[in-house]
Amino acid sequence: MVGRSGDSSHPPSRVQREREAGQLSPPRPRLAAAFASANSAAHLEASPLRRSHLGTHLRAAASAGRRKRRRRRLPALPPRLPGPPAATMSASAVFILDVKGKVFSEYFKELEEESIRDNFVIVYELLDELMDFGFPQTTDSKILQEYITQQGNKLETAKSRVPPTVTNAVSWRSEGIKYKKNEVFIDVIESVNLLVNANGSVLLSEIVGTIKLKVFLSGMPELRLGLNDRVLFELTGLSGSKNKSVELEDVKFHQCVRLSRFDNDRTISFIPPDGDFELMSYRLSTQVKPLIWIESVIEKFSHSRVEIMVKAKGQFKKQSVANGVEISVPVPSDADSPKFKTSVGSAKYMPEKNVVIWSIKSFPGGKEYLMRAHFGLPSVEKEEVEGRPPIGVKFEIPYFTVSGIQVRYMKIIEKSGYQALPWVRYITQSGDYQLRTS
């Protein structure tokens, strides 16, 4: 039993006597707990070794207290509300999403992906205030705006409106189109693919045609196009020796064409798009006479020179003229020192392609022209190694179709009854046009 020093059955210790005499300062508060743990004054009157152990324990306890105070004390989580966990989480998630959407809308005006990206700093600040350890905190937008005062970038969005052409039956043409002068331009373009053997026999002959329109018509007109189609002539009884017709193959139409009507009576009826578009394409696998015939003679003199003679002849109507004719004649890869002589046009050597380009600006039908070329050869390679590329020809013949296709009529029907002018142009051009050399 430990009491006051005057009433104790034990004599006072040296420490107590010194403290009562005022020679020792009172113990510090942080060490009071350590002194109170002593059950008797005998602990303080122990031997010097025991006092040193006690000092070590006191210093360790003080250091542990300081470390404990430095740690961040996290608040205890509130107890889980009673009820099914899944239902609680689902309701909480819906509530939070709804609240966040309303708060964000107050800051950004429009809650879109773009507005969230533009205001990601404010989004982070709002999320930090709205949620704390996964639980809702401040959700009132008016209160949040008092201390999160940064102005957000408001997204200006016009009211989305579905384009009328999406809901129209005619999705390829808008309503309300107006022109002062109503016109339709029709281009019938045919490309000739030809491959001729070295002995002059035709290995491949094909015509690929397209009909392109350029439409400048007001309102919502309906167009009807008539061709000299052989099937149409047979259905209407117009077939005969006087009426020339063509048999179209692999016909492909634009989406504006009414296919059901074409299948019934071969009538091409459609409401056209505005501006340029391709109405249809077709193919004819017929034996085509070469429009520009090429004859070539290539003579090589070993380790000396090579001499080339090319003769071009127009095998189309004399009234027609081929424009922009280019004849590509292959030459050996090691040829040099070119010399040319042409009856018309000009010749140019292109060493990067190993060809001579003979250019003729205007080539009337029935005419025949000649070109001679001379090259030096440092060394002549074997024919099996280098080979003989074919001669290529490029040309364009306006107002002419090799198949004989014709636009018989173009009817334009519009409820306002305006008059429109259709214009037709025919063009025949070269496709893959090659003639092999001997």
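Before reading further, recall that the structure is shown in the block above.
Residues numbered from 1 in each chain as written. Predicted model: local features only at pLDDT ≥ 70, side-chain atom pairs only at ≥ 80, totals over all residues. Heavy atoms only, no water.

**Some thoughts on the side chain of Ser430**
Line of reasoning, step 1. Turning to its location among the elements, Ser430 is positioned in strand E18 (residues 421–435).
Line of reasoning, step 2. If we skip the residues at most four places from it in the chain, Ser430 touches Val192, Val393, Lys394 and Phe395. (Helix = DSSP H or I, 4+ residues; strand = E, 2+ residues; numbered from the N terminus. Contact = heavy atoms within 4.5 Å.)

**Let's talk about a nonpolar patch on the surface**
Line of reasoning, step 1. On the surface, Phe120, Val121 and Tyr124 cluster together into a nonpolar patch covering about 330 Å² of accessible area.
Line of reasoning, step 2. Residue placement: Tyr124 occurs in helix H6 (residues 120–130).
Line of reasoning, step 3. Given the relative accessible area of 57%, Tyr124 is considered exposed. (Patch = residues over 30% accessible without salt bridge, like charges linked within 9 Å, V, L, I, M, F, W, Y side chains within 5 Å. Areas by Shrake-Rupley, 256 points an atom, 1.4 Å probe, with all protein chains shown as cover. Salt bridge = Lys/Arg side-chain N within 4 Å of Asp/Glu carboxyl O. Buried < 20%, exposed > 50% of the residue type's maximum accessible area, 1.4 Å probe, protein only.)

**Some words on H6**
Line of reasoning, step 1. Among all positions in H6, only Ile122, Val123, Leu126 and Leu130 are buried. End-on view of H6: buried residues confined to an arc of 105°, all on one side of the axis. In H6, the exposed residues that point more than 90 degrees away from the buried face are Tyr124 and Asp128. (Arc of directions from axis to C-beta.)

**Structural notes on unusual backbone geometry**
Line of reasoning, step 1. Its identity is not glycine, yet Arg266 carries a phi of approximately 60°, on the positive side.
Line of reasoning, step 2. By the element assignment, Arg266 lies in the loop between helix H10 (259–265) and strand E7 (268–270).
Line of reasoning, step 3. In this structure, Asn354 is a non-glycine residue whose phi angle is positive, near 55°.
Line of reasoning, step 4. With respect to the helices and strands, Asn354 occurs in the loop between strand E13 (346–350) and strand E14 (355–364).
Line of reasoning, step 5. By relative accessible area, Asn354 is classed as partly exposed at 26%.

**So, the sheet that holds strand E12 (residues 336–342)**
Line of reasoning, step 1. In spatial order, the strands read E9-E10-E15-E12; together these four strands make up an open sheet with antiparallel pairing. Edge positions in the open sheet fall to strand E9 (292–301) and E12, since each of these has one partner strand only. Across the sheet, the mean angle from the axis of one strand to that of its neighbour is 15°, orientation sign disregarded.
Line of reasoning, step 2. Summarising the sheet, strand E10 (residues 305–314) and strand E15 (residues 368–376) pair through nine bridges and their orientation is antiparallel. (Pairing = 2+ DSSP bridges. Axes fitted to C-alpha atoms, helices over the stretch in contact; angles between N-to-C directions.)

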